[in-house]
Amino acid sequence: AQSVTQLDSQVPVFEEAPVELRCNYSSSVSVYLFWYVQYPNQGLQLLLKYLSGSTLVKGINGFEAEFNKSQTSFHLRKPSVHISDTAEYFCAVSRTSGGSNYKLTFGKGTLLTVNP
Amino acid sequence: DAGITQSPRHKVTETGTPVTLRCHQTENHRYMYWYRQDPGHGLRLIHYSYGVKDTDKGEVSDGYSVSRSKTEDFLLTLESATSSQTSVYFCAIKTASYEQYFGPGTRLTVT
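Below or above, wherever it landed, is the structure these notes cover. Owing to the predicted nature of the structure, the values given are computational and were not obtained by experimental measurement.

**Topic: the overall build of chain A**
Looking only at helices and strands, chain A has 0 helices and 12 strands in total. Starting at the N terminus and ending at the C terminus, chain A contains elements arranged as β-β-β-β-β-β-β-β-β-β-β-β. For 116 residues, the compact-globule estimate of 2.2 N^0.38 gives 13 Å, and chain A sits close to it at 14 Å. Residue burial in chain A is summarised as follows: out of 116 residues, 46% are buried. Put simply, of all contacts in chain A between residues at least 6 apart along the chain, 57% involve residues at least 24 apart.

Below you can see the structure in the form of structure tokens.
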């Protein structure tokens, strides 16, 4: 079984500052990695994914994430945040093998609050 | 948004009553999932389907059943609703590129 730990439940930052949201995972097999964003009272939107290849992946809204296999991490970064980035962010993993039926395991979320 | 709709979007029901939530997709994806979202827990998988009539349990399946008689519809039934099932329920589909896309959610309150 796999697990996901999001190391910070809340991250307050000022507008135009850089931000990093941390995600660590545990799995005995290869995984796919995802970041989702949830704006207040809305559903989840896929920000980016890592399947294979380059460990630095770019997503929507200027976000990027880096896969680090040795540290089993997949941290999300943005060089300059906007007020509109205020939302909850979820890291998720799924096993790469079809036998797992690609079920997602989520972290508990990080609430990013961008202040003026 | 991958053509996913959920109904109803909001429901209030009484303890002990059965409740069925519907997920409908328009793009013929094989895999469909039901998750629940609770504060402090993230999203947890309830049940999933890997084809018509092919379903299996997730990590929080007690008190829930599912059915999938058509590719496009995946139903979640609370057999006898309890207050602990008050939650926001999300349906998702998996694409061929391993991404999961989520519906808008159903907010269920059990009184």
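After that view, the rundown keeps rolling.
**As for the pairing of strand β9 (residues 87–94) of chain B**
All names here are of chain B. Taking burial as the measure, the 8 residues of β9 include 8 buried ones, the bulk of the element. Residues Ser87, Tyr89, Cys91 and Ile93 line one face of β9 and the alternating positions Val88, Phe90, Ala92 and Lys94 line the opposite face, and both faces are buried. Pairing geometry for strand β4 (residues 32–38) and β9, over 6 bridges, is antiparallel. Bridge assignment links Tyr35 to a residue of β9, and that residue is Phe90. In this structure, β9 lies alongside strand β11 (residues 106–110), joined through 3 bridges in antiparallel fashion. Note on β11: the bridge partner recorded for Tyr89 is Thr106. In the sheet, β9 pairs with strand β10 (residues 100–102) via 3 bridges, with the strands oriented antiparallel. Note that in β10 the partner of Ile93 across the bridge is Tyr101.

Definitions and limits used
- Residues numbered from 1 in each chain as written.
- Chains lettered and ligands numbered in written order.
- Predicted model: local features only at pLDDT ≥ 70, side-chain atom pairs only at ≥ 80, totals over all residues.
- Heavy atoms only, no water.
- Helix = DSSP H or I, 4+ residues; strand = E, 2+ residues; numbered from the N terminus.
- Rg over C-alpha atoms; globule rule 2.2 N^0.38 Å.
- Buried < 20%, exposed > 50% of the residue type's maximum accessible area, 1.4 Å probe, protein only.
- Contact = heavy atoms within 4.5 Å.
- Pairing = 2+ DSSP bridges.

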